[in-house]
Amino acid sequence: MTSHPSRLSRRGVFSAALALGAATVLPAAASGIARAATGSGRSGGRDGATVPRITDCDGWGAREASEEVVVLDTRPERIIVHHTASANVTDYSRERAHALARAIQTYHMDAQGWIDTGQHFTVSRGAFVLEGRHHSLAALESGERLVRGAHCVGQNSVAIGIENEGTYTDEAPPAAQFSALADLCARVCRQYGVSPSEIYGHRDFNSTACPGDRLYAMLPQLRQDVARRLGSTQPVALPRWPVHLPGGWSGHPAAGSLSEYLPAGLLDPLRAR
C-alpha cells in the first residue's frame, strides 16, 4: 500500500511521479528494530566516531501512522537539512523535545492530512535527536532501506530529511544542536555510504527560505564537520547540483515562497505524556 497526501504541503505540493523503487510495506504498529534512547548524550561507534542517541517514536509518545508506512529497498542518495521555523526557545529539556516531536506529528497528520510525521529525524534546540516518521531508525540501522518521507518535493524517495528546531534566518543554531546535527549526518553517511558532499538545504530543491539564511550558510562547515567525524581531513568537494529537480523549479530559491511553521499554541502548554 502506498500513501497519498490529501492536502497541500507546507513545502509545496507532492510530486506526482515519485521514484518509488521496490517498496516493502511495514505495519504502522510494528516496532521493528528501533531502540528507544534517552537523553541527548552520544556514544562511540564501531570506528570510534561519535554516534548520537536517537529517541524512537515510542520513546517520545508518537501516535500510530494513519496508514502503513512505505519502506523502500534502496539507500538514500543525499541528506536534506530543514528548520522548523518555530520559536528559538531556551527550553532545552527532553520534555520540550518530545513535545516538539508530538506537535510536528499532530500538525502533519491533522492539518496536512499526511499519514505520519514528514521528516525522518528531528534535532531539538537542546540537541536531542528524535525519530520522525515511523521505521526511519530501523531503516537507518539496516543501512539498506529508506522510509519514504514527506519533507521535500521530488526528493522524498531518495533523501533523508532532518528538521532542526528553530528559525535560522538571522540567528545561528545553538552549538550543541549543530554538533548533534553533524553527529546524525555522520551516522547517516556512514550507514548508507553517502558522501558528506551530498548534504543539501531544502532551498536547493524547492523554492523556499528553508533552512534559513544562517543555517544554509553553515552547510559547508557542516559537510566538513561530518567528513572529520568520518575520519577525513581533506576539504569536502562542493555538492553536485541536484539532478532530480521537480517540475517548475525556478533555478534559485525565492525566499519565503514556501512556508515552514508550527501553528501558534501547538506547543503551549507542553503536552506531557
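A brief structural summary. All figures in this text were calculated on a predicted structure; none of them were measured in a lab.

Among the secondary structure elements, Arg203 is positioned in the loop between strand 11 (199-201) and helix 5 (213-217). Arg203 sits in the buried class, given a relative accessible area of 11%. In this structure the side chain of Arg203 is engaged in a polar contact, spanning 2.6 Å, whose partner is the backbone oxygen of Ala209. At a separation of 2.8 Å, a polar atom in the side chain of Arg203 contacts the side chain of Asp213.

Here we come to the side chain of Arg223. Its place among the elements puts Arg223 in helix 6 (residues 219-229). In this structure Arg223 is buried but unpaired, with Asp204 as the nearest side chain of opposite charge at 4.9 Å. At a separation of 2.9 Å, a polar atom in the side chain of Arg223 contacts the main-chain carbonyl oxygen of Ile199.

Turning our eyes to something else, we now look at unusual backbone geometry. Look at the link from Cys210 to Pro211: it is a cis peptide, with omega at 10°. Position of Pro211 among the secondary structure elements: in the loop between strand 11 and helix 5. A positive phi angle, close to 55°, is found at Ala85, a residue other than glycine. Topologically, Ala85 is positioned in the loop between strand 6 (78-83) and helix 2 (94-111). Residue class for Ala85 comes out partly exposed when judged on its relative accessible area of 23%. Even without being a glycine, Ala127 presents a positive backbone phi close to 75°. Relative to the helices and strands, Ala127 is located in the loop between strand 7 (121-123) and strand 8 (129-131).

Rules used in this analysis
- Residues numbered from 1 in each chain as written.
- Predicted model: local features only at pLDDT ≥ 70, side-chain atom pairs only at ≥ 80, totals over all residues.
- Heavy atoms only, no water.
- Helix = DSSP H or I, 4+ residues; strand = E, 2+ residues; numbered from the N terminus.
- Buried < 20%, exposed > 50% of the residue type's maximum accessible area, 1.4 Å probe, protein only.
- Polar contact = N/O pair within 3.5 Å; in protein donor to acceptor, adjacent residues only side chain to side chain.
- Lys, Arg positive; Asp, Glu negative; His and termini not counted.
- Salt bridge = Lys/Arg side-chain N within 4 Å of Asp/Glu carboxyl O.

Function cannot be inferred from these measures alone, as they are strictly geometric.
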